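Geometric and topological summary
Letter by letter, the chains look like this.
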Amino acid sequence: MADCDGACGGCGSGCPKRPALVLTGEELAFLRRLAVTPFLPVARRSSSETPVFLEDGEGALEASARTIRLLELKGLIDIDYHELLRGFDYAAYSDYDLKGSLALTAEGIEVLELLDIQGVQE
């Protein structure tokens, strides 16, 4: 297979320079949530790298932390612990010393656009 020269627009469809992206159902749902609400609150303790997202309730902490961390590692979201959401009440996050926001990256936006065009392959 020849190397992709980018002439195709970088579709990622079998391109040797752009491996296939695999998303779990939870990751896909979170990306779609960010498509509707572009910025969401996040926090963590300075002694931990685990993101905390309380908007789904206390029972979903581990699952949401795993989803957020994986999306960040895949480069689809960015977490900024220095940028608070204007007008958002962080009272529920008072136990965490680092508070901020998360949003889609350009790559995350591109993935969502491709999903809208190409659909999801299960």
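Residues numbered from 1 in each chain as written. Predicted model: local features only at pLDDT ≥ 70, side-chain atom pairs only at ≥ 80, totals over all residues. Heavy atoms only, no water.

Here we come to the overall build of the protein. In terms of regular secondary structure, the protein is built from three helices and three strands. For the protein, the proportion of its 122 residues judged to be buried stands at 33%. Sequence separation of at least 24 residues holds for 63% of the intrachain contacts in the protein that already meet a minimum separation of 6. Put simply, the protein shows about 7800 Å² of open surface, and 52% of that area lies on carbon and sulfur atoms. (Helix = DSSP H or I, 4+ residues; strand = E, 2+ residues; numbered from the N terminus. Buried < 20%, exposed > 50% of the residue type's maximum accessible area, 1.4 Å probe, protein only. Contact = heavy atoms within 4.5 Å. Areas by Shrake-Rupley, 256 points an atom, 1.4 Å probe, with all protein chains shown as cover.)

Here the focus is the pattern of salt bridges. The tally for this structure, following the rule as stated, stands at four salt bridges. For R33, the salt bridge goes to D56, with nearest N and O atoms at 2.6 Å. On the criterion of sequence distance, the pair formed by R33 in helix α1 (residues 25-36) and D56 in the loop between β1 (39-44) and α2 (61-73) is long-range, its members being 23 residues apart. On the accessibility criterion, R33 (29% relative accessible area) is partly exposed. Classification of D56 by relative accessible area gives partly exposed; the value is 40%. With its nearest N and O atoms 3.9 Å apart, the salt bridge here joins E49 to R44. (Salt bridge = Lys/Arg side-chain N within 4 Å of Asp/Glu carboxyl O.)

Another point: the sheet that holds β1. Ordered by their spatial adjacency, three strands build an open sheet running β1-β3-β2, and the pairing between neighbours is antiparallel. At either margin of the open sheet sits one strand with a lone partner, and together these are β1 and β2 (77-80). On average, each strand axis in the sheet is inclined to that of its neighbour by 30°, with strand direction left out of account. Pairing between β2 and strand β3 (residues 98-104): four bridges, direction antiparallel. Looking at β3, one finds that D78 is bridged to A103. The sheet contacts of α1 involve β1, β2 and β3, and relative to β3 the element is tilted by about 90°. Most of the contacts of α2 go to β2, to which it runs at about 110°, and overall it touches β2 and β3. (Pairing = 2+ DSSP bridges. Axes fitted to C-alpha atoms, helices over the stretch in contact; angles between N-to-C directions.)

A few words on the packing of aromatic side chains. Counting across every chain of the model gives four aromatic pairs. Between F30 and F53 the ring centres are 5.4 Å apart and the planes differ by 80°, which places this aromatic pair in the edge-to-face class. With F30 in helix α1 and F53 in the loop between β1 and α2, the pair connects residues that are 23 residues apart, well separated along the chain. Here the aromatic rings of F88 and Y90 are separated by 4.8 Å at their centres, their planes lie at 80°, and the arrangement is edge-to-face. You can call F88 partly exposed: its relative accessible area is 28%. (Phe/Tyr/Trp six-rings, centres within 6.5 Å; stacked < 30°, edge-to-face > 60°.)

On to the pairing of β3, then. Most of β3 is tucked away: five of the seven residues are buried. Sheet analysis places β1 next to β3, joined by six bridges and oriented antiparallel. Bridging from a neighbouring strand, R44 pairs with L98 of β3.

A separate point is the packing of α1 against helix α3 (residues 106-118). As a packed pair, α1 and α3 sit with axes 10 Å apart at the nearest point and diverge in direction by 105°. Our classification of the angle between α1 and α3 gives roughly perpendicular. Across from L28, L31, R32 and A35 in α1, the residues of α3 making contact are V111, L112 and L115. Of the residues belonging to the contact of α1 with α3, the class tally is six nonpolar, no polar and one charged. (Parallel < 35°, antiparallel > 145°, perpendicular 65-115°, else oblique. Nonpolar A, V, L, I, M, F, W, Y, C, P; charged D, E, K, R; others polar.)

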